[in-house]
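# Observations on the three-dimensional arrangement
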Amino acid sequence: MTIHLGTDIVYIPRIQGALDRFGERFVRRVYTPAEQRDCNQLQGNSRSRNGGGNQASIKRFAGRWAAKEAVVKALGTGWQGIRYTDVEIQRQLTGVPQVCLHGAAAALVAEWGQCQWQVSISHDGEYCTATALAFCSWI
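Residues numbered from 1 in each chain as written. Predicted model: local features only at pLDDT ≥ 70, side-chain atom pairs only at ≥ 80, totals over all residues. Heavy atoms only, no water.

### Here's the deal with the state of the cysteines
Here, the word disulfide means a covalent bond between the sulfur atoms of two cysteines. Here is the rule we go by: We call a pair of cysteine sulfur atoms a disulfide whenever their separation is within 2.5 Å. In this text, helices come from DSSP runs of H or I with a minimum length of four residues, and strands from runs of E with a minimum of two, each type numbered from the N-terminal end. The buried label applies to any residue whose accessible area, calculated with a 1.4 Å probe on protein chains only, is under 20% of its type's maximum; exposed applies above 50%, and partly exposed to all values in between.
Under the defined criterion, the tally for this structure stands at one disulfide. Here Cys-115 is linked by a disulfide to Cys-136, with a sulfur-sulfur distance of 2.1 Å. Classification of the bridge connecting Cys-115 and Cys-136 rests on its S-S torsion, roughly 115°, and on that basis the disulfide is right-handed. Here Cys-136 lies in strand E5 (residues 127-137) and Cys-115 lies in strand E4 (residues 114-124), a separation of 21 residues in the sequence. As far as burial versus exposure is concerned, Cys-115 and Cys-136 are alike and both buried. The cysteine Cys-39 is free of any disulfide, with Cys-128 supplying the nearest cysteine sulfur at 11 Å. For Cys-39, a relative accessible area of 0% gives the class buried. Unpaired in this structure, Cys-100 has its nearest cysteine sulfur neighbour in Cys-115, at a distance of 13 Å.

Take a look at the structure:
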C-alpha cells in the first residue's frame, strides 16, 4: 500500500479577486459544471454577472480550489499536464467532499492501482485549508 498526501491553504480574498477580475471565464476554466452548481446552489445562491457571488459561495469556491491543489500535491505532479477540471471535488449527499479524477489525473492514478481518496476542507476567517490523502494498493 502507498499513501499520497497533499495539503493547501488559500487566502479567500485572492479567489474573490479572481472572480471579480475574470468572472465566468475563471469559473469555467477552473471548476467543473457540477462544482459550479454545488458552490452556487447551496442555500439558493446564484452568481452575479461577473462570476462572483455571495460570501458563502466565494468561500466554497476557495475551498474547492484548496482541495484541488491538495489533490495535485498528492499526485506529485503539480499542474504539469493536468487541467483544473481534471480534478473534481464533488459533494456527497452528507456534505462530505469526494475526489473524482478525470483525464490526465485519472490516467496517472490508474497506474497506482486501486486508490481511495479522503479529502477535508476547512474555513476560518479569510482562509481555507484542505488536505487530501490517497490510499493506493495493487490488486
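### Remarks on the packing of aromatic side chains
Keep this limit in mind: Aromatic contacts are taken between Phe, Tyr and Trp rings whose centres are within 6.5 Å, Trp giving its six-membered ring; a plane angle under 30 degrees counts as stacked, one over 60 as edge-to-face, and the others as tilted.
With the rule as written, the count across this model stands at six aromatic pairs. Connected via pairs of aromatic rings, a cluster forms that spans Phe-26, Tyr-31, Phe-61, Trp-65, Trp-79 and Tyr-84.

### Let's talk about the pattern of salt bridges
In a structure, side chains of opposite charge can pair up when their charged atoms sit close to one another. Under the convention used in this document: One speaks of a salt bridge when a side-chain nitrogen belonging to Lys or Arg is within 4 Å of a carboxyl oxygen belonging to Asp or Glu.
Following the criterion strictly, the structure yields five salt bridges and no others. A salt bridge links Asp-8 to Lys-73; the shortest N-O distance between them is 2.8 Å. Of this pair, Asp-8 sits in strand E1 (residues 2-11) while Lys-73 is found in helix H4 (residues 55-75), placing the two residues 65 residues apart along the sequence. On the basis of relative accessible area, Asp-8 is assigned to the buried category, the value being 13%. Notably, a salt bridge pairs Arg-83 with Asp-86, separated by 3.0 Å at the nearest N-O pair. For Asp-86, a relative accessible area of 2% puts it in the buried group.

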